[in-house]
Each structure stands twice: as structure tokens, then as C-alpha cells.
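Results of the structural survey
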Amino acid sequence: MITTPRIQPRMRLLAGVAALALVAAACGSDSTSADVPDTAATDEVTDSTDAAAEDIAATCTTANNDDNSVASLSELDFSGIDINVGSKDFIEQFVVGSLAIVGLEAGGATVTDSTNLGGTVVNRDALLAGEIDTYFEYNGTGWTVHLANENPSFDSVALTNDVCVNDLEENNIRWVGVSPFNNTYGFATASDSPAAGVDLQGMMEYVNENADATVCMESEFPNRPDGLVLVENATGLTIPAGQSEILETGVIYEETANGSCTFGEVYTTDGRIPALGLDVVEDDGVLILYNASMTMSDDVFQQAPEAFEALADTIFANLDDDTMAELNRRVSTDGEDPKAVATDYLTEQGVL
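Here the structure is a predicted model, which means the values were calculated and not measured.

Reading guide: rules and limits
- Residues numbered from 1 in each chain as written.
- Predicted model: local features only at pLDDT ≥ 70, side-chain atom pairs only at ≥ 80, totals over all residues.
- Heavy atoms only, no water.
- Helix = DSSP H or I, 4+ residues; strand = E, 2+ residues; numbered from the N terminus.
- Buried < 20%, exposed > 50% of the residue type's maximum accessible area, 1.4 Å probe, protein only.
- Contact = heavy atoms within 4.5 Å.
- Areas by Shrake-Rupley, 256 points an atom, 1.4 Å probe, with all protein chains shown as cover.
- Polar contact = N/O pair within 3.5 Å; in protein donor to acceptor, adjacent residues only side chain to side chain.
- Disulfide = S-S within 2.5 Å.

Structural notes on the overall build of the chain
Secondary structure assignment for the chain yields 15 helices and ten strands. Counting only residues that meet the buried cut, the chain has 46% of its 352 residues in that class. For the chain, the proportion of contacts with a sequence separation of at least 24, taken over those separated by at least 6, is 79%. Here the chain displays about 15,700 Å² of accessible surface, and carbon together with sulfur accounts for 49% of that area.

Set out below in C-alpha cells:
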């Protein structure tokens, strides 16, 4: 995690314009006039800075929550567009990548399926190099990993807009749409557990009040800057010594379902949550957001801007945490093909 403070794009722009203004003043004025503030010039610089900042922000209207969805994906016009769709190497990415592929094909695009390309770095590098044209990325990853910033917003739309503004300005990468689902860290408990139905504050209080309660986590979660420390800081409580256990990710879900772990660290849209009937601990804005967007170079986006916005919004329209987890479950637990699941879902939604 980078330790430098977050600098807003507007502030960077203000600083740059101010510096240019000072240079211009020094070069274009004599020693007498340089001692006299030119308020008119300052106002003009401020006005132009405000306008420039607004222009940058306006370019990321694709990252807001306006509804540009369509009644049928066949209304979209991607005719004549060849597009290569990538994805990361886990179930949820296979599903959302397939949703994009099905939608693009419905709109007449010629699609290359490069889903399951690799991890975050592999997909991002491929996108920047033009080896793929789009993949779904998460706003928390964009802010902390790709842009190396800290202190992300806990408003999903604001965070995606922040990422889009920066990424578009620095890397010509546009973020399109914002998913309702948030695939972030979380905790769960068995649905029949006496601890079911609590929020993070209630979870930490329960653990502190019940000496036999255990919290199971992956090895890195207690030491991650976006992990347990955020829960401890928000609740003002720590897990008592001897009441935490480190397990492998896959084991945590099973051990939480059978009650061996009172609470288990999970990913909130994992298909094992509905498959095992786990109850997710409510998070009122403690753990960093990971909402998804389609990411693509602005050059690709400009080939069919309205259609890309409509595609993302139509895919995301009803894709909340529970729905995404259920689609993931059908692939991970039932063994269904991701494209078949995507096609079935979009058909059920009445848009295919």
C-alpha cells in the first residue's frame, strides 16, 4: 500500500495551473508589477481551472448510476465491431465476462473469448497493450492497485467516478457502469447460529462476550491494510487471544457452515455462501468496496459509446450480491458452463 496521501485530481490540476501562472507572472512582468497581485488574472486562472476540472469529471459520466439499460440487447448496435473480451481466472469473472460476450454478440459484434486470461496484472497489462479490448475490473482494485492511491470513497458511484477520472486522464482507460454487487471481504456465520443476523459491531461484541466463539480467516487477512484492521478500528474491539484460527480459503466456508467456526472470512459474492446457506454479517461501510465495471480504452469505447453504456447498465440492472452469488454457485457448485449461465440469466431478465 502506498503511504502518500490521496491527492484529488482537481487539486493536482489546481497546483499545476497555479505553478504555470506563477511562471508566467515572473517571465512577463517587471520587478515593480510583480509585487502587485493581479486579482483579475487570479480570477481568470481560477475560472479556467474550475472549467477544466469540470470537463475532466464530465468525461466519466459512464461511471455514474444513471440507467441507460435497454429492454432488449438486440437494440444495441455493435455491428462491424471486433472485440476481444478478457477476464481474470476465477468463477465470478468467467460469469461477468460471459454476460458481456452474450450481450455483445446480441448487438452484432464479432467477439473473441479470452476469458480466464489470468490474474489482475495479466488482464490489466493486456488491456493497456491492446491485446484485449475489455474486461471487468473492481473499483477498489482500480483505486488501490492500478492507481496506487489510498483512502477510497465508501460510496460505490463516487469511487468508480474517482477511478474513472484518474484512469482516463493517466492511462486513457474508461470505466463503464457500476455493478450493484460488491465482491469485497466480509464475514459469515451459519444461518442457524445464535450469532446470525449481526453486523460487524455485533460480531466483534459477540466474540468478546463468548469465550468459545471463533473467527476463522485466511493467513493474510489479519495483516492486510484492507483487512481485519479496518474492522478493529471501526468497532473499537479486537479478537481475544486464542479465539482466531487461520485456515485455507476453501476450508473456511465448510467449517463455518458446520459451526466449527462461529464466523468465517468470506468473499461476499462467493457461490459457496448460498450453496451452504451462510448468513453474511452486515457491513455498513467498513471494508473497501469492490464493485465491478467494464474497463476499456477510450478509443474502443468511442466506437459505440451509447451501446457500451447501455450494455453495462443492462447487465448490471439487477445483479446484486445475492444474484451474483447464485450465478457463481451454478458454475462452482453445479458445474454449469459460464456462458450457458449468462445466457440463461439474461433470458430470464427478458433482455435476450
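Some words on helix H8 (residues 200-209)
Within H8, burial applies to Leu200, Gly202, Met203, Met204 and Val207. In this structure, the buried residues of H8 make contact with strand S5 (185-190), strand S6 (215-217), helix H9 (228-235) and strand S8 (263-267). N-cap assignment for H8: the residue whose side-chain oxygen lies 3.3 Å from the backbone N of Gln201 is Asp199.

Examining the state of the cysteines
Under the definition given, this model contains two disulfides. Here Cys60 is linked by a disulfide to Cys164, with a sulfur-sulfur distance of 2.3 Å. Handedness here is read from the sign of the S-S torsion; for Cys60 and Cys164, about -85°, the answer is left-handed. Taken together, the residues Cys60 in the loop between helix H3 (39-58) and strand S1 (82-88) and Cys164 in helix H7 (residues 156-171) connect sequence positions 104 residues apart. With a relative accessible area of 0%, Cys164 lands in the buried category.

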